[in-house]
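Report on the structure
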Amino acid sequence: MILAEERFAICEYARKMTADGLVVGTSGNISVRSGELVAVTPTGVDYSSLRSQDVPVVSLDGSIVDGDLRPTSELPMHLTVYTKAVDPEGTPVNAVVHTHSVNATAVSTLVEEVPPIHYMLAAIGESAKVARYATYGTPELADAMLEALDNRRGCLLANHGTITYGDSLHSAYHRAQQLEWVCQVWLTARSAGSPSLLSQQEIEHVVEKLRGYGQR
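Counting of residues starts from 1 at the beginning of each chain's written sequence and follows it residue by residue. Confidence filtering applies because this is a predicted model: local features only for residues at pLDDT of at least 70, side-chain atom pairs given and counted only at 80 or more, and all residues used for totals across whole chains, interfaces and linings. Side-chain metrics in this entry use all non-hydrogen atoms of the structure; hydrogen atoms and water are not considered.

Under the annotation held in an unreviewed UniProt entry, the protein chain carries the name Class II aldolase/adducin family protein and is attributed to Amycolatopsis acidicola.

**Quick look at the pairing of strand β7 (residues 154–157)**
Exposure classes here rest on a 1.4 Å probe applied to the protein chains alone. A residue is buried below 20% of its type maximum, exposed above 50%, and partly exposed in between. Note on conventions: DSSP H or I runs of at least 4 residues are helices, E runs of at least 2 residues are strands, and numbering of each starts at the N terminus. Judged by which residues are buried, β7 turns out to be covered on both faces: Gly 154 and Leu 156 on one side and Cys 155 and Leu 157 on the other are all buried. Whether two strands pair comes down to DSSP finding at least two bridges between them. Bridging between strand β6 (residues 130–131) and β7 involves two bridges; their strand directions are parallel. Paired with Val 130 across the strands is Leu 156, a residue of β7. With respect to chirality, the unit in which β6 leads through helix α4 (residues 139–148) into the neighbouring parallel β7 is right-handed. Judged from the four bridges that link them, β7 and strand β8 (residues 161–166) form a sheet pairing that is antiparallel. Note that in β8 the partner of Gly 154 across the bridge is Thr 164. Here is how to tell: hold the view so the strands point away, follow the path from the first strand over the helix to the second, and if it runs clockwise the crossover is right-handed.

**Some thoughts on the packing of helix α1 (residues 4–19) against helix α5 (residues 169–192)**
Only C-alpha atoms enter the line fits that serve as axes; for helices the fit covers just the stretch in contact. Angles between N-to-C directions range over 0 to 180 degrees. Packing of α1 against α5 leaves a shortest axis separation of 12 Å and a crossing angle of 15°. Accordingly, the angle class assigned to the pair α1 and α5 is roughly parallel. Taken as a pair, α1 and α5 cross one another with a handedness that is right-handed. Residues Ala 9, Ile 10, Tyr 13, Lys 16 and Met 17 of α1 lie in contact with α5, whose contacting residues are Leu 169, His 170, Tyr 173 and Gln 177. An angle below 35 degrees is treated as roughly parallel, one above 145 as roughly antiparallel, one from 65 to 115 as roughly perpendicular, and anything else as oblique. Each crossing gets its handedness from the near helix: less than a right angle anticlockwise from the far helix is left-handed, clockwise is right-handed. By the convention used here, residues are in contact when the closest approach between their heavy atoms is within 4.5 Å.

Structure representation (structure tokens):
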């Protein structure tokens, strides 16, 4: 089976995504790129019963290479990230995570950019924008997402959810978690009063600090 490790990882992270409350039912989707091929969650399959062989593999033009199930309806977004998104540091884009997480989706209906309530917003970039609304699964949504991703590793999708990417499935998923958490912090603070926000200068400073963060 081609891309066996990538397909297995998608199954594991799809179940984790459900357990972590980032999606409900069969919503949200995950993909991993290896060379010119992409393994991606299928459409309409319960993640609790998802098996490696259920994960379709497609080429970068969307043609099915392996698997009997149809890929997610959000395939245009995933392929657009792989073929057109540019990581701020030039790091390879090898994984994409799309969620319907509650707090981030709620924030996407209130603002055009995630307020800088916490420095971990820098995990996404100098800001996290909200892509204009477009119907799911359409080229229009992929275009809106790409615009919001400019020099960023994730964004909110208006009235829809989030999308993040990384050089690995772990990093893409971590950014989805951080984006959801930052949105939850802002909503919680906002419900109690008028939260103080960090300056753009501070967020940019943390972006620089994060470049060398972690073990190497």
